[in-house]
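Per-entry structural report
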Amino acid sequence: MSSKNKDSITKSQKTEQTSQDTDVVASREGDVNFLDQTLRPTIWKDYIGQKNIKDNLQILLTAAAQRKHPPEHLLFYGPPGLGKTTLAHLIAKETRAQLKATSGPAIEKVGDLASILTNLSPGDILFIDEIHRLNKAIEEVLYPAMESGSLDIIIGKGPSARTIQLDLPPFTLIAATTRIALLSAPLRSRFSGGVFKLEFYTNEEIEEIIHRSAKILKVDIETEAKTEIAKRSRFTPRTANYLLKRSRDLAQVRESKLSKETVMEALNLLGIDEVGLNATDRALLTVIEEKFNGGPVGLNTLAAALSEEQATIEDVYEPYLLQLGFIERTSRGRTITERAKQHLKLKNPNKLL
Ligand code: ADE
């Protein structure tokens, strides 16, 4: 196993931490990673939204506990920042299981996965983030491991090659992906516990998340400021928390209240407009409109025009633009909608579109 891979496997903290641990937070506020961890809910009650998934999981976990079995394998998919990793950690906590986390790109060789699997203890949860980036040969080792708890490895090459079969301890695989379409049908079908799509949050849910995070960060935030952050949060908790922290920074530096005006100033400084679009979102729309006459334009052409990776456009920018109804995906490529044109016109009133 590569050392990178070894580092990426971490055991979930065994220490109990709840949203009430605000003193600990205050003393370590400089550490951004720690803050991100801390804003994440660690008990179900604090996990806002995704009601359908929560309801299903609670039945699944209760039934598995009654049968004294680890829960079956689960797959979460959806745009980044909606809480896939958080769900995996909550499940580990609920089932009192140890969580070992890794990711598709960190598993480079069959041996890496074999080593991870053979080091599992009974009842462990193995979390694989970005599972769509696992290569085919490794995927095939995963199939029997998921299905029958056995690890089949081929030793040697040519006529003298032989397969050895190892029994693995019972475990639960929880995988996450932003790209469900890239997963092969055989892999998808092995998530016998279920395949769950995380949805964008409502504005009300995002406001609730901001309220909770502000409490943890011990910042006094006005109601209108919460609404303003929510409006620009792309229906995504990770973005909401990021915008809250940046607005808090400005309020702190200015020694002012965390008001709607402070939020607007902080987010305007970051180039985030009133519906949450950043400079790249706007460039994407402008390029479709101006360079390609409104579209349709193919993803590869669009990526080249923007100097962005196709995957980044598909994973990060498009889901929200589609959700807003600002772009449409057709078989011939992406087109801009009338609604997006209006939005761009409002941003640049002197521009003829
Ligand atoms: N932080 C990130 N995701 C969250 C959620 N779903 N509920 C509460 N806080 C969150």
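Attention in this report is confined to the structure presented alongside it. (Residues numbered from 1 in each chain as written. Predicted model: local features only at pLDDT ≥ 70, side-chain atom pairs only at ≥ 80, totals over all residues. Heavy atoms only, no water.)

Moving on to the site of the ligand. Near the ligand the following residues occur: Leu39, Pro41, Asp46, Tyr47, Ile48, Tyr201, Ile209, Arg212, Pro237 and Asn241. A distance of 2.8 Å separates a nitrogen atom of the ligand from a polar atom in the backbone of isoleucine 48. Within the contact set of the ligand, a nitrogen atom lies 3.2 Å away from a side-chain nitrogen or oxygen of tyrosine 201. Contact with the protein chains removes 96% of the 260 Å² of surface that the ligand exposes when unbound. Elements with a minimum of two residues in the shell around the ligand: α9 (203-217) and α11 (237-254). (Near = heavy atom within 4 Å. Polar contact = N/O pair within 3.5 Å; in protein donor to acceptor, adjacent residues only side chain to side chain. Areas by Shrake-Rupley, 256 points an atom, 1.4 Å probe, with all protein chains shown as cover. Helix = DSSP H or I, 4+ residues; strand = E, 2+ residues; numbered from the N terminus.)

The final tally for this structure, using the stated rule, is 23 salt bridges. In this structure, glutamate 199 engages lysine 197 in a salt bridge whose closest nitrogen and oxygen atoms are separated by 3.9 Å. What makes glutamate 199 partly exposed here is its relative accessible area of 42%. Residues joined in a network through salt bridges with shared partners are Arg179, Glu314, Asp315, Glu318, Arg329 and Arg334. (Salt bridge = Lys/Arg side-chain N within 4 Å of Asp/Glu carboxyl O. Buried < 20%, exposed > 50% of the residue type's maximum accessible area, 1.4 Å probe, protein only.)

Turning our eyes to something else, we now look at the side chain of threonine 86. Checked against the element boundaries, threonine 86 lands in helix α5 (residues 84-94). Among the residues examined, threonine 86 registers a relative accessible area of 8% and is labelled buried. Within polar-contact distance, the side chain of threonine 86 engages the side chain of arginine 40 at 3.4 Å. If sequence neighbours within four positions are ignored, threonine 86 has contacts with Arg40, Pro41 and Tyr47. (Contact = heavy atoms within 4.5 Å.)

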